[in-house]
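Structural description and commentary
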Amino acid sequence: MSVLLGRKTRVIVQGMGREGTFHATRMRDYGTQVVGGVVPGSGGTKREGFPVFDTVAEAVDATDANASIIFVPAPGSMDAMLEALDAQLGLVVTITEGTPVHDMLRVASVLARSATTLIGPNCPGAITPGECKIGIMPAENFSPGPVGFVSRSGTLTYEIAHLLTEADLGQSTCLGIGGDPVIGLPTPDAVRLLNEDPATAVIVIVGEIGGSAEEHAAEYMRAYGNKPAVGFIAGRSAPPGKRMGHAGAIVSGNQGTAESKVKAFEAAGIPVANAPSEIPGLVKEALRG
Amino acid sequence: MKLHEYQAKQLLTRAGIPIPEGRLATTPEEAEAAARAIGGIVAVKAQVHAGGRGKAGGIKIAKTPNEARDHASAILHMRIKGLRVRKVYVERAAQIARELYLGITLDRDRRRPVVMLSTVGGMDIEEVASSSPEKIARGWPDPLVGLLPFEARALCFDAGVPAEQRNAVVDVAQRLYRVYASTDAMLVEINPLFIQTDGTVIAGDAKLDIDDNALFRQPELRDWKEISPDEESEERARALGFSYVQLDGDVGIIGNGAGLVMGTLDAVRNAGGHAANFLDVGGGAKESVVRSALEIVLANPKVKSVLINIFGGITRGDEVAKGILDVISTHPPRAPLVIRLSGTEAEAGRKLLEGAPLVSRATMDEAAAEAVRLAK
């Protein structure tokens, strides 16, 4: 097992609608232990062979689940996250897009008093290739190996994983942490996990404009980094004041610019790729030391 | 979603925060009548979603109703930062002794709301924030309990609010926090918060920006939404579930996923070109999705080529390719298309595109270079 998820992870799916059920089967096909689903009011039924429970607590009692993936639509997503935190699961991944910021502030406040790791919302999830996938990423782009990978993007993550895999650079764990302004596992925390992970030899940090998470991750690596890292920032050409799709991807004033992030990476000795296609080359160089 | 000052003040007064008496006007005559009803000296203020109204001449003081009419007539013909002024707010002029700043927004790093209070308020607060941040007192309330009295008092002590106004400012801060929480605000600001010559505290201006993701539970505010002409295509795209931002260049961009589209914009820039837009179609990329996306991008007359960059995930590359082929056979686009497929079944997709009247490239960099070349 690399970080957060592996062969022993037992996952329940909160929200077994069309999306949730579809991805539950895809995760099972990948080898993830998907042990059940939660749909209030449908307890006792089965979907695609998965036992369904009314509450997370019941599901955990019956299945010994230690992780959850949430597909509950935005209006109910805070409730679903708080239910998962209440059940003291080790890992919760929220795929849901569009959770209100004030709901995430409340979740973050509970999370600060909890031992659970929350990834997301509005994210592709996490994967330890060859062992466990808790997310919606197309798994064929990922392969096992020594590259730890954290990204605020969705499809860009798949793209870069694809490039790494093509270049024979497998991944230890990929963490797609989401692009919202308030998320459960911010870039610096994700980088810390990968830095402390013995299975990770090099860290790829994919950031976006907006916020200062990349700057803090760079500071962390400068102070505590025990392995090389490679960076990439999406949105270098974005004009200020315009929100680039992700609610978090906005440059306001001199905050959150690509320049500031690139500068922080470079000051920490982290080479920055100009395009995703440059990442595999930089990773190879980093591994050669 | 930004609210106008008069709308924000409506919410403030509902929450019990003192505001000057004021009325909305859409014609000079209405402004005159409003000034007469209010009596005395009034301010005539442009209601427009742009910062720096005052500096742009969008706020004028009127001593008489006639003067209010003349000011309204001038302001109602103005454009501020490109936006036409359609409404003015006529408001009793405050008796100003001092100006404070009070605002609440999101601190992303701390994942907490941040309440900011300063005795150096007014138009230059942004300048103060960058040059002497220590002059702004900050507090980070727990969203589960809201802004507590001791936290608001601490802000007053830190900021140096005069003792006579401390209780009133604490009260306004707590009420403003309730507005922030109950309206799902991204930002709420009273700048300036006036201390008047009689010692009372009153909100001089109000700014409120609502989280778009929360509009589903803010029906009243949703109804207040106004779409300016230059936001129309962005709104149309939003209705289709897309995220669209118009830019200045000539290479139209369509992609799936915010990060990938941002990366594509960057690739176009790296290739020496300029993107005409940001368009994220979201997760899937079916035929109907590609068609609507192309329509939106090509509605911009500046677009000379279109780069479609799709990562096949759940939607397979061959299905995306079929969708694109369908679109160009039924609705031939007016500008050349460059397609870049990657991910699941990308190879099969590229095979399908062979021989079609479009350019297909295997990598993002190659596709961007080609789209830039075709736009020249």
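Residues numbered from 1 in each chain as written. Chains lettered and ligands numbered in written order. Predicted model: local features only at pLDDT ≥ 70, side-chain atom pairs only at ≥ 80, totals over all residues.

1. Observations regarding the sheet that holds strand β2 (residues 33–38) of chain A
All names here are of chain A. Rule in force here: When DSSP locates at least two bridges between a pair of strands, those strands are taken to pair. Helix numbering and strand numbering both begin at the N terminus, where a helix is a DSSP run of H or I of at least 4 residues and a strand a DSSP run of E of at least 2.
Here seven strands make up an open sheet; going across it, the order is β3-β4-β2-β1-β5-β6-β7 and the pairing mixed. In this open sheet, the two strands that pair with only one neighbour each are β3 (46–47) and β7 (117–119). Of the pairings in the sheet, the one linking β2 to strand β4 (residues 50–53) comprises two bridges and is parallel in character. Looking at the pairing, G37 lines up with V52 of β4.

2. What to know about the domain arrangement of chain A
Residue and element names in this part refer to chain A. So the rule is basically this: Here the limits of each domain have been adopted from an automatic or database domain assignment. Contacts here follow a simple rule: the backbone-placed C-beta atoms of the two residues must lie within 7 Å.
In terms of domains, chain A is made up of domain 1 (1–122) and domain 2 (137–289). Summarising the inter-unit geometry, the C-alpha centres of domain 1 and domain 2 are found 25 Å apart. Counting residues at the interface gives 15 residues for domain 1, matched by 18 residues for domain 2. Elements supplying a minimum of two residues to the side of domain 1 that touches domain 2: α4 (101–111) and β7. It is α4 that contributes the most residues to the side of domain 1 that touches domain 2, five residues altogether.

3. Points about the packing of helix α9 (residues 258–270) of chain B against helix α13 (residues 364–375) of chain B
Residue and element names in this part refer to chain B. Definition in use: For helices, the fitted line uses only the C-alpha atoms of the stretch in contact; every axis is such a line through C-alpha atoms, and the angle between N-to-C directions lies from 0 to 180 degrees. An angle counts as roughly parallel when it lies under 35 degrees, as roughly antiparallel when it exceeds 145, as roughly perpendicular when it falls between 65 and 115, and as oblique in every other case. Crossings are classed by handedness, with left-handed meaning an anticlockwise turn of the near helix from the far one by less than a right angle and right-handed meaning a clockwise turn.
Packing of α9 against α13 brings their axes to within 8 Å, and their N-to-C directions diverge by 60 degrees. Taken as axis vectors, α9 and α13 run oblique relative to one another. Of the two possible hands of crossing, α9 and α13 adopt the one that is right-handed. Across the interface between the two elements, G263, T264, A267, V268 and N270 from α9 touch M364, D365, A368, A371 and V372 from α13.

4. Thoughts on the interface of chain A and chain B
Convention followed: Each residue gets one of three labels, nonpolar for Ala, Val, Leu, Ile, Met, Phe, Trp, Tyr, Cys and Pro, charged for Asp, Glu, Lys and Arg, and polar for the others, Gly among them.
Counting residues at the interface gives 45 residues for chain A, matched by 44 residues for chain B. Sorting the residues of the side of chain A that touches chain B by element identifies α3 (74–86), α4 and α5 (155–166) of chain A as the ones contributing at least two each. With six residues, α4(A) is the largest single contributor of residues to the side of chain A that touches chain B. In terms of residue class, the side of chain A that touches chain B is built from 19 nonpolar, 19 polar and seven charged.

5. Topic: the packing of helix α6 (residues 187–195) of chain A against helix α7 (residues 213–224) of chain A
All names here are of chain A. Taken N-terminus to C-terminus, the directions of α6 and α7 make an angle of 30 degrees; their axes are 8 Å apart at the nearest point. In terms of axis orientation, α6 runs roughly parallel to α7. Note on packing geometry: the crossing formed by α6 with α7 is right-handed. Facing α6, whose interface residues are T187, P188, V191, R192 and N195, α7 presents A213, E214, H216, A217, Y220, M221 and Y224. A per-class count over the contact of α6 with α7 returns seven nonpolar, three polar and two charged.

6. Observations regarding the pairing of strand β8 (residues 125–128) of chain A
Residue and element names in this part refer to chain A. Rules: Exposure criterion: with C-beta atoms placed from backbone coordinates, a residue whose C-beta has 20 or more other C-beta atoms within 10 Å is buried, one with 12 or fewer is exposed, and one in between is partly exposed.
Burial along β8 is two-sided: G125 and I127 and A126 and T128, pointing in opposite directions, are all buried. Of the pairings in the sheet, the one linking β8 to strand β9 (residues 132–135) comprises four bridges and is antiparallel in character. Residue pairing across strands places G125 opposite G135, the latter belonging to β9. Sheet topology note: the β8/strand β11 (residues 171–176) ladder contains three bridges and is antiparallel. Looking at β11, one finds that A126 is bridged to L175.

7. Section: the nonpolar core
Residue and element names in this part refer to chain B. Stated formally: Put simply, a nonpolar core is buried Ala, Val, Leu, Ile, Met, Phe, Trp, Tyr and Cys residues tied into one set by C-beta atoms within 7 Å.
Residues A173, L176, V268 and L279 are the most contacted members of the largest nonpolar core, which totals 194 residues. Among the elements that line this core, the one with the most residues is helix α6 (residues 163–182), at eight residues. For V268, the contacting residues outside a window of four places in its chain are V251, I253, G273, A275, L307, A368, A371 and V372. Membership of the second largest hydrophobic core comes to 19 residues, among which are A35, A46, Y89 and V90.

8. Notes on helix α11 (residues 317–330) of chain B
All names here are of chain B. We count it as follows: One less than the number of residues in a helix, times 1.5 Å, gives the span that helix is expected to have.
Given a rise of 1.5 Å per residue, 14 residues ought to cover 20 Å, and the 20 Å separating the end C-alpha atoms of α11 matches this to within 8%. Residues of α11 that are buried: G317, D318, E319, V320, A321, G323, I324 and V327. Tucked into the core, α11 has its buried residues touching α10 (287–298), β16 (305–312), β17 (337–343) and α12 (346–353).

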